[in-house]
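# Examination of the molecular architecture
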Amino acid sequence: MKYVFVTGGVVSSLGKGIAAASLGMLLKARGLRVTLQKFDPYINVDPGTMSPFQHGEVFVTDDGAETDLDLGHYERFLDQSLSRANNVTTGSIYSTVIAKERQGDYLGATVQVIPHITDEIKSRVTRLADADDLDVVITEIGGTVGDIESLPFLEAIRQFRLERGPANVLFIHVTLMPFIRGAGELKTKPTQHSVRELREIGIQPDILLCRAEFPLTDETRRKIALFTNVTPDAVIEALDVTSIYQVPLVLHEGGLDALVVESLGLAGKATAEPDLGGWRETVGRIYHAGSRVSVAICGKYVGLKDSYKSIEEALVHGGIHNDAKVEIAWIDSEAVTAENVGALLGGHDGLLVPPGFGERGIEGMLEAIRFARVRGMPFLGLCLGMQCAIIEFARTACGLEGATSEEFDPTARHRVIHLMPSQQRVVKKGGTMRLGAWPCVLRPGTLARALYGVDEVLERHRHRYEVNNAFRDELEAHGLVLSGLSPDGSLVEMIEVADHPWFVGCQFHPELRSRPLRPHPLFRDFVAAALGRRMGSEAAGAGDADAAVRARQT
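This paragraph deals with the overall build of the protein chain. Per the secondary structure count, the protein chain includes 19 helices and 23 strands. A compact globule built from 554 residues should have a C-alpha radius of gyration of about 24 Å, and the protein chain, at 25 Å, falls within 12% of that. Projected onto its principal axes, the C-alpha positions of the protein chain cover 70 × 60 × 45 Å. For the protein chain, the residues scored as buried account for 57% of the 554 residues in total. In the protein chain, the share of contacts with a sequence separation of at least 24, taken over all contacts with a separation of at least 6, comes to 73%. For the protein chain, the exposed area adds up to about 22,200 Å²; of that, 50% sits on carbon and sulfur atoms.

In structure tokens form, the structure reads like this:
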């Protein structure tokens, strides 16, 4: 078993996650069995209770783990599903160690950061490696070298290399090479200082990935190598690119995967070159799309776009399939009113209302949904977006005045969305929602059934509230189609509007299962429908949406 640890220095948000995911993708393309893991230094057990404005998106795995958004990148680049074992936080480490101490596992010992915390950290790496038949485990260490929070993780990986041997463990450090415009050159000093901090705690990087706006000269590469104690060929430039999906190709051209294979003695298992044909074609379609389409995302967290990272990427995937560049307009739902909704949405080809929690911005979402429903604009509502679509339909089409969600007004008369029965006695907030992959049975003859092409699907959930079954008959009587249900029929999972060209809502999060080479059916066809609208008719759009509409009508 071989191990790669990826650290970051100088500043945060350098793209360690993309770098780790890109390396994983390249090694997998060489025929190796790979997984990725993220260590997050915050004390929260998981990011589930954090504000999206602080942490960004919470990525949910099939087994119901609420994880860091980097796991979304890992899944998209590797094209394989991960689990709760692939994300580890300081909070989960300390929680486990304290529980062991209370059970008496350390009886007689003083429980300390070294060795007890560091041993637990190391065990999370080996536990993941032992769970699957793997060749390489790539672990990203969150935070920036020099942060006090990440020190136990860095100490643990220092020990890990001593225990496993340098032939089995590789350290990659991602740094920043700032370009000083006044001097007209890239500066190496931040990289030198970052590596020095690592070496002071006993970690010597084997490979440096230097994030830069411009290519490194040979002289610059030699200078970095000299002052950081690595070979010049191990100083690899990570140039800024427009699409994250180009990063694996840039790193491959820099020799990263070849160097890792050679350093870890994997030449006997890996192919001589990675199979990148499909990936190159995908990147080519991103940069040379034949058309463009505009999608408005009306949500409450648009101030930090990372809050909707998987949605943004799923729209890119849908665009790739339809040979279209998807241009996203971010609209703050708090700013939408009945008076300005036409001006805000009128120039776009589709509307997506994303997930969220709480009452803030809801009325703006309802106005946007009403505009899309009445004007025949393609609409996709995700989780809260579907719930808002039902509230809007209940108010406008069914005449249920004041219809709302129990989440917003527990005393309202028409609570068309209410707390799930299984959630009514839940007090704790962390990790207690309906989480993970759940089955959804699709109704024959619906758009949903046509898009998926199967009778039952598994989709990932993260919610406490559901459609109130007391209102199902009335909603259906006025033209709302309940196109997806739980296997026992008790939970509404998908909805459509019968007389609308493309209006779909789902209680789950399809964006979490979309991949660049395998776009999710809902995003694939939502983009196709938006493109069809842009071109003047659904028949002029991509074939998938047209076929789906015809299938629904038969």
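Continuing now.
Residue Pro115 is bonded to the preceding Ile114 through a cis peptide linkage, with omega at 15 degrees. With respect to the helices and strands, the residue Pro115 is situated in helix 5 (residues 113–131). Notably, Val10 is not glycine yet its phi reads approximately 80 degrees, a positive angle. With respect to the helices and strands, Val10 occurs in the loop between strand 1 (2–8) and helix 1 (16–29). In this structure, Ser13 takes a positive phi of about 60 degrees despite not being glycine. Within the secondary structure layout, Ser13 lies in the loop between strand 1 and helix 1.

The strand order across the open sheet built from 9 strands is 13-12-14-15-23-22-21-18-19, with neighbouring strands paired in mixed fashion. Looking along the sheet, the strands with just one partner apiece sit at the ends: strand 13 (324–332) and strand 19 (456–463). Across the sheet, the axes of successive neighbouring strands diverge by a mean angle of 25 degrees, strand direction being ignored. Sheet topology places strand 14 (residues 350–353) next to strand 15 (residues 379–382); 3 bridges connect them, and they run parallel. Among the inter-strand pairings, Val353 is bridged to a residue of strand 15, identified as Gly381. Against the sheet, helix 12 (residues 309–321) makes contact with strand 12 (291–299), strand 13, strand 14 and strand 15, and its axis sits at roughly 150 degrees relative to strand 13, the strand it touches most.

The next subject is the sheet that holds strand 5 (residues 87–89). Pairing within the open sheet is parallel, and its 7 strands lie in the order 5-2-6-1-7-10-11. Each end of this open sheet is capped by a strand with a single partner; those strands are strand 5 and strand 11 (235–239). If you compare each strand with its neighbour and ignore which way they point, the axes differ by 20 degrees on average. For strand 2 (residues 34–40) and strand 6 (residues 136–141), the ladder comprises 6 bridges, and the chain directions are parallel. Within the sheet, the bridge partner assigned to Phe39 lies in strand 6 and is Ile141.

Ranked by internal contacts, the top residues of the largest apolar core, which has 58 residues, are Val4, Ile138, Ile207 and Val260. Ranked by the residues each element gives to this core, the list is headed by helix 1, at 9 residues. When neighbours within four sequence positions are excluded, Ile207 is seen to be in contact with Leu170, Phe171, Ile172, His173, Ala234, Ile236, Leu256, Leu259 and Val260. Formed by 42 residues, the second largest nonpolar core is a distinct cluster that contains Ala296, Val416, Leu482 and Val497.

What counts, and at which threshold
- Residues numbered from 1 in each chain as written.
- Predicted model: local features only at pLDDT ≥ 70, side-chain atom pairs only at ≥ 80, totals over all residues.
- Heavy atoms only, no water.
- Helix = DSSP H or I, 4+ residues; strand = E, 2+ residues; numbered from the N terminus.
- Rg over C-alpha atoms; globule rule 2.2 N^0.38 Å.
- Buried < 20%, exposed > 50% of the residue type's maximum accessible area, 1.4 Å probe, protein only.
- Contact = heavy atoms within 4.5 Å.
- Areas by Shrake-Rupley, 256 points an atom, 1.4 Å probe, with all protein chains shown as cover.
- Pairing = 2+ DSSP bridges.
- Axes fitted to C-alpha atoms, helices over the stretch in contact; angles between N-to-C directions.
- Core = buried A, V, L, I, M, F, W, Y, C linked by side-chain atoms within 4.5 Å.

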